[in-house]
Amino acid sequence: MSSPIYKRVIIKLSGEALAGDVNYGIDPKVVDRIAAEISAARSLGVQIGLVLGGGNLFRGAELSNAGLGRITGDHMGMLATLMNALAMRDVFESRNIETRVMSAINMSGIVDHFHRRKAIYHLESGRMVIFAGGTGNPLVTTDSAASLRAIEVNADALLKATNVDGVFSSDPKQDPNAKIYSKISFDDVLDKELGVMDLNAFCQCRDYNMPLRVFNINKENALLNVLKGRDEGTLVYKEE
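Keep in mind that this is a model prediction, so the values were computed, not measured.

A.B. asks: Lay out the packing of helix α2 (residues 28-42) against helix α4 (residues 70-94) in plain terms, naming residues and giving numbers.
C.D. replies: The contact between α2 and α4 brings their axes to 10 Å, and the two run at 60°. Our classification of the angle between α2 and α4 gives oblique. Judged by the twist between their axes, the crossing of α2 over α4 is right-handed. Residue-level contacts link V31, D32, I34, A35 and I38 of α2 to M88, V91 and F92 of α4.

A.B. asks: Would you mind going over the packing of aromatic side chains in detail, with residue names and values included?
C.D. replies: Enumeration over the complete set of coordinates arrives at 2 aromatic pairs. Relative to F131, the ring of F114 lies with its centre 5.9 Å away and its plane at 70°, an arrangement referred to as edge-to-face. Placement of F114 in the loop between β4 (112-113) and α5 (116-124) and of F131 in strand β5 (residues 128-132) is noted, with a sequence separation of 17 residues between them. Take F114 and F131: they sit in the same class, and that class is buried. Judged by centre distance (5.0 Å) and plane angle (65°), the rings of F186 and F202 are edge-to-face. Note that F186 is positioned in helix α7 (residues 186-192) and F202 in helix α8 (residues 199-207), a separation of 16 residues in sequence.

A.B. asks: Provide a residue-level description of the packing of helix α6 (residues 142-152) against α8, including the pertinent values.
C.D. replies: Running from N to C, α6 and α8 cross one another at 20°; their axes reach a closest spacing of 7 Å. It follows from the interaxial angle that α6 and α8 lie roughly parallel. When the axes of α6 and α8 are compared, the crossing they make is left-handed. Each of D143, S144, S147, L148 and I151 in α6 lies in contact with α8, whose residues at this interface are N200, A201, Q204 and C205. Grouping the amino acids of the contact of α6 with α8 by side-chain chemistry returns 4 nonpolar, 4 polar and 1 charged.

A.B. asks: Tell me about the pairing of β5, and name the residues and values.
C.D. replies: Most of β5 is tucked away: 5 of the 5 residues are buried. The side-chain alternation of β5 yields two buried faces, one formed by M128, I130 and A132 and the other by V129 and F131. One ladder, built from 3 bridges, connects strand β2 (residues 47-52) with β5; its direction is parallel. Residue pairing in the sheet places L50 in a bridge with I130 of β5. Bridge count between strand β3 (residues 99-103) and β5: 5 bridges; the pairing is parallel. If you follow S103 over to β5, its bridge partner there is A132.

A.B. asks: Please give an account of the nonpolar core that cites residues and values.
C.D. replies: Judged by nonpolar contacts, the single largest core of 38 residues is most densely connected at L50 and L159. Secondary structure elements with two or more residues in this core: β1 (8-13), α1 (15-19), α2, β2, α4, β5, β6 (157-162) and α9 (222-227). Counting residues per element, this core draws most heavily on α2, which supplies 6 residues. Discounting chain neighbours no more than four positions away, the residues touching L159 are Y6, V9, I10, I11, K12, R213, F215, L223, V226 and L227. In this structure, A119, F131, L158 and A201 belong to the second largest nonpolar core, which totals 30 residues.

A.B. asks: Outline unusual backbone geometry, supporting the account with residue identities and numerical values.
C.D. replies: The phi angle at N96 is positive, at roughly 65°, despite the residue not being glycine. Mapped onto the elements of the fold, N96 is located in the loop between α4 and β3. The backbone of N154 sits at a positive phi, close to 60°, despite the residue not being glycine. For N154, the position within the fold is in the loop between α6 and β6. Under the relative-accessibility criterion, N154 is labelled partly exposed at 47%.

A.B. asks: Help me get a handle on the pattern of salt bridges, residues and values and all.
C.D. replies: As a working rule, side chains carrying opposite charge can pair if their charged atoms are close by. For the structure on display, the rule yields 12 salt bridges. D74 is the salt-bridge partner of R70, the closest N and O atoms lying 3.0 Å from each other. On the criterion of helical spacing, the pair formed by R70 and D74 is a turn pair, its members being 4 residues apart in helix α4. On the basis of relative accessible area, R70 is assigned to the partly exposed category, the value being 38%. Residue D90 pairs with R89 through a salt bridge whose shortest N-O separation is 3.6 Å. Given the relative accessible area of 22%, R89 is considered partly exposed. Among the ionic contacts, a cluster of salt bridges with common partners joins K12, D143 and K160.

How each quantity is defined
- Residues numbered from 1 in each chain as written.
- Predicted model: local features only at pLDDT ≥ 70, side-chain atom pairs only at ≥ 80, totals over all residues.
- Heavy atoms only, no water.
- Axes fitted to C-alpha atoms, helices over the stretch in contact; angles between N-to-C directions.
- Helix = DSSP H or I, 4+ residues; strand = E, 2+ residues; numbered from the N terminus.
- Parallel < 35°, antiparallel > 145°, perpendicular 65-115°, else oblique.
- Left-handed = near helix turned anticlockwise from the far one by under 90°.
- Contact = heavy atoms within 4.5 Å.
- Phe/Tyr/Trp six-rings, centres within 6.5 Å; stacked < 30°, edge-to-face > 60°.
- Buried < 20%, exposed > 50% of the residue type's maximum accessible area, 1.4 Å probe, protein only.
- Nonpolar A, V, L, I, M, F, W, Y, C, P; charged D, E, K, R; others polar.
- Pairing = 2+ DSSP bridges.
- Core = buried A, V, L, I, M, F, W, Y, C linked by side-chain atoms within 4.5 Å.
- Salt bridge = Lys/Arg side-chain N within 4 Å of Asp/Glu carboxyl O.

Rendered as structure tokens:
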């Protein structure tokens, strides 16, 4: 087994990924498969933190168009990420993986409140850490929560788990001639206006020199390939 190229990573997983083909709720088979992929990756000795979205359960931005206040909707979306985190925690622990959920929203008696030093301690102690509640602030995406947590815990890279194989020159669903980049700089992504992630999160990764790897979580062994430095997905890096 080849050695991993990263010691510590943060994986950003959208809520929609947990819903599978039904696009709503939590699909137990999908959650179990993702947990199996991450469990295999942890066997390499890599410390892994997981940031979850909540779009499979609630999307505040969409319901705001129906009269729901955007701030209230975003708060409800943060709670949806906690529901996903609780589900993932139980799946990991059913695999005998000691797991801590750390929330940006204080949920005493249910999960731990986020504490940077404690998060690093848990990772160094071999525990799986799930970050929920976004950043605790409305009008901020979970992409931004992922970039923030990656920087805070001194991760070697932020891995964005998506349903596409990486970053393409154009939308591969619309353009059959779209080409995938094996690697591309942050500045080139901005120049080409490629939609990789929330712009604030993307610029934060660039400014703090946090490498970003985009890959397909639905592809078997893709996460293992990324951690072993194989040609998988797209690496977004800062040019020197």
